[in-house]
Amino acid sequence: EYPFPSRESFVAAMEAALPPAADGSKPMVFQLPVLGGPGRPKIPSSHHARPYLYSHNLHYSSGAGGDALRWQREVERQLFRGAQRGDQQQATVLYEANVRQAMAMLQQRGFAAIYVNRAGYDDRGAGLEAMLRQLGLSEIIESDRGDLLCVPLPVSSCLGSASTRCVDKPTPFL
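Conventions used here
Residues numbered from 1 in each chain as written. Predicted model: local features only at pLDDT ≥ 70, side-chain atom pairs only at ≥ 80, totals over all residues. Heavy atoms only, no water. Phe/Tyr/Trp six-rings, centres within 6.5 Å; stacked < 30°, edge-to-face > 60°. Helix = DSSP H or I, 4+ residues; strand = E, 2+ residues; numbered from the N terminus. Axes fitted to C-alpha atoms, helices over the stretch in contact; angles between N-to-C directions. Parallel < 35°, antiparallel > 145°, perpendicular 65-115°, else oblique. Contact = heavy atoms within 4.5 Å. Nonpolar A, V, L, I, M, F, W, Y, C, P; charged D, E, K, R; others polar. pLDDT = per-residue confidence, 0-100. Core = buried A, V, L, I, M, F, W, Y, C linked by side-chain atoms within 4.5 Å. Buried < 20%, exposed > 50% of the residue type's maximum accessible area, 1.4 Å probe, protein only. Pairing = 2+ DSSP bridges.

Chemist: How do you make sense of the packing of aromatic side chains when you look at a structure like this?
Modeler: To describe a pair of aromatic rings, one takes the distance between the centres and the angle between the planes. Enumeration over the complete set of coordinates arrives at six aromatic pairs. Centre to centre, the rings of Phe30 and Phe111 are 5.5 Å apart; their planes meet at 85 degrees, and the pair counts as edge-to-face. With Phe30 in strand E1 (residues 28-32) and Phe111 in strand E3 (residues 111-117), this pair connects stretches of sequence that are 81 residues apart.

Right under this line is the structure:
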């Protein structure tokens, strides 16, 4: 368990980096790993709820059900499709095209950032972080303990290839 000031400062840094959407709504944060259901990571769902305690201006993906949860799982599957799984000594190797497509899916739904709880991954999220950096997403907010990170997504451009569909206005989702 990390101290309250660490959580507060992490969420404050996220809020400072993520401006409100063009329509004035709260920026949406996609939380990984997606929790809930059999075979899901062994992270208590309360871990994804913790940012809510300190956040005033962000909307989080955790807690969704039904179609929203199915869509979140599809985004996560797309991120890791074909990945060579790593462990504590070796980072997971992700495919750039799959990560680009997942980023486009998030942008189409209006998500402003990806939040990663490193405890949900055998490689502690090292492979995902490396691929996001490779794609030019270098503004990474990390908690004092290094167990959480938040990666703001580009607002006006799409990370996908020319064939990737992007929309100018976010599609309301959560």
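Chemist: Where do I start with the packing of helix H4 (residues 96-108) against helix H5 (residues 126-134) in this structure?
Modeler: Axis angle and axis distance: for two packed helices, these are the angle between their axes and the distance between the axes, and together they describe the pair. Relative to each other, H4 and H5 sit at 80 degrees, their axes nearing to 11 Å. Here H4 is positioned roughly perpendicular relative to H5, judged by the angle of their axes. Listed contacts from H5 to Glu96, Val99 and Met103 of H4 are Met131, Leu132 and Gln134. When its residues are assigned to classes, the contact of H4 with H5 shows four nonpolar, one polar and one charged.

Chemist: What am I meant to see in the confidence of the model for the chain here?
Modeler: Note that predicted coordinates carrying low pLDDT should not be read in detail. With 83% of its residues at a pLDDT of 70 or more, the chain has an overall mean of 82. Low confidence marks residues 156-174, where pLDDT is under 50. Its contacts with residues over four positions away, or in another chain, come to 35 contacts.

Chemist: Help me understand the nonpolar core, please; the structure alone is not making it clear to me.
Modeler: Formed by 29 residues in total, the largest nonpolar core has its most connected members in Phe30, Leu32, Leu79, Val99, Met103, Leu106 and Leu128. Mapped by element, the contributors of at least two residues to this core are E1, helix H3 (66-80), H4, E3, H5 and strand E5 (148-152). In contact with Leu79, other than residues within four places in its own chain, are Leu32, Leu94, Asn98, Val99, Ala102, Met103 and Leu128. Val11, Val29, Tyr54 and Leu148 belong to the second-largest nonpolar core, a separate cluster that totals 14 residues.

Chemist: Can you help me understand the sheet that holds strand E4 (residues 141-142) in this one?
Modeler: Adjacent strands of a sheet form backbone hydrogen bonds with each other and so pair up, either parallel or antiparallel. Strand order in the open sheet formed by five strands is E2-E1-E3-E5-E4, with mixed pairing between adjacent strands. With one partner strand each, in any of the chains shown, strand E2 (59-60) and E4 form the two edges of the open sheet. Strand contacts of H3: E1 and E3, with the helix running at about 65 degrees to E1, the strand carrying the most contacts.

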